[in-house]
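Residue-level listing of the chains:
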Amino acid sequence: MTYVSQVRPRWTDMDVYGHINHAKMVTLLEEARIPLLFEKAVEAGLDQLPKGIVVVRLEVAYKAPIVVSGRALRVDIDLTELRAASFTLAYRVHSGPAGTDPVAVTAETVLAPYDTVALRPRRLSPAESEFLKQGFVDA
């Protein structure tokens, strides 16, 4: 299932051509996943997941430019792979707040839990894996 997030680009997210800058798009993707991976994880009693998640790989494909208009953007996020020590999220960024607005950007991130004390990647706990599966099923 799909987790849906709404993010609102800021005027400072635009480049000189009036489009959302690439680095700012990456930040908007991060902002779209934070409510699930951080806030809802803490609510579920998973205090280690939000303490350390690193981006292992990121791909962004632009289908159309997005101009900051004051409207929120709809970001659909799907869990496409769940492994012992990483998970992959696929994103569809719509040009507006509705699911019927055209998809302007697609992206994919591979994320890994990270132990900030030992300074190394770690495996997902069974509870974290179940949380991720459930977080997208309930979306």
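Structure: see above.
Residues numbered from 1 in each chain as written. Predicted model: local features only at pLDDT ≥ 70, side-chain atom pairs only at ≥ 80, totals over all residues. Heavy atoms only, no water.

Chemist: Any details on the pairing of strand β5 (residues 103-115)? Residues and values, ideally.
Modeler: Sheet analysis places strand β2 (residues 53-62) next to β5, joined by 9 bridges and oriented antiparallel. Note that in β5 the partner of V54 across the bridge is A112. Across 8 bridges, strand β4 (residues 87-94) lies against β5 in antiparallel orientation. Looking at β5, one finds that L89 is bridged to T109. (Pairing = 2+ DSSP bridges. Helix = DSSP H or I, 4+ residues; strand = E, 2+ residues; numbered from the N terminus.)

Chemist: I'd like a rundown of the nonpolar core, residues and numbers included.
Modeler: In terms of nonpolar packing, the biggest core is built from 29 residues, with I66, I77, L89 and V93 touching the most fellow members. Those elements that provide at least two residues to this core are β1 (2-7), α1 (22-43), β3 (73-82), β4, β5 and α2 (126-137). The greatest single-element share of this core, amounting to 7 residues, is contributed by α1. (Core = buried A, V, L, I, M, F, W, Y, C linked by side-chain atoms within 4.5 Å. Buried < 20%, exposed > 50% of the residue type's maximum accessible area, 1.4 Å probe, protein only.)

Chemist: Provide a residue-level description of the pattern of salt bridges, including the pertinent values.
Modeler: Counted according to the given criterion, the structure contains 9 salt bridges. Taking the shortest distance from any N to any O, the salt bridge between R74 and D76 comes out at 2.7 Å. Relative accessible area serves as the criterion here: at 22%, R74 is assigned to the partly exposed category. Where R122 meets E128, a salt bridge forms, and the shortest distance between an N and an O atom there is 2.7 Å. With respect to burial, R122 and E128 carry one shared label: buried. One network of salt bridges, with partners in common, ties together R74, D76, D78 and R92. (Salt bridge = Lys/Arg side-chain N within 4 Å of Asp/Glu carboxyl O.)

Chemist: So what's going on with the environment of P113? Residues and values would help.
Modeler: Within the secondary structure, P113 is located in strand β5. Here P113 is in contact with G52, I53, A85, S86, P121, R122, R123 and L124, once residues within four sequence places are set aside. (Contact = heavy atoms within 4.5 Å.)

Function cannot be read off these values alone, since they describe shape.
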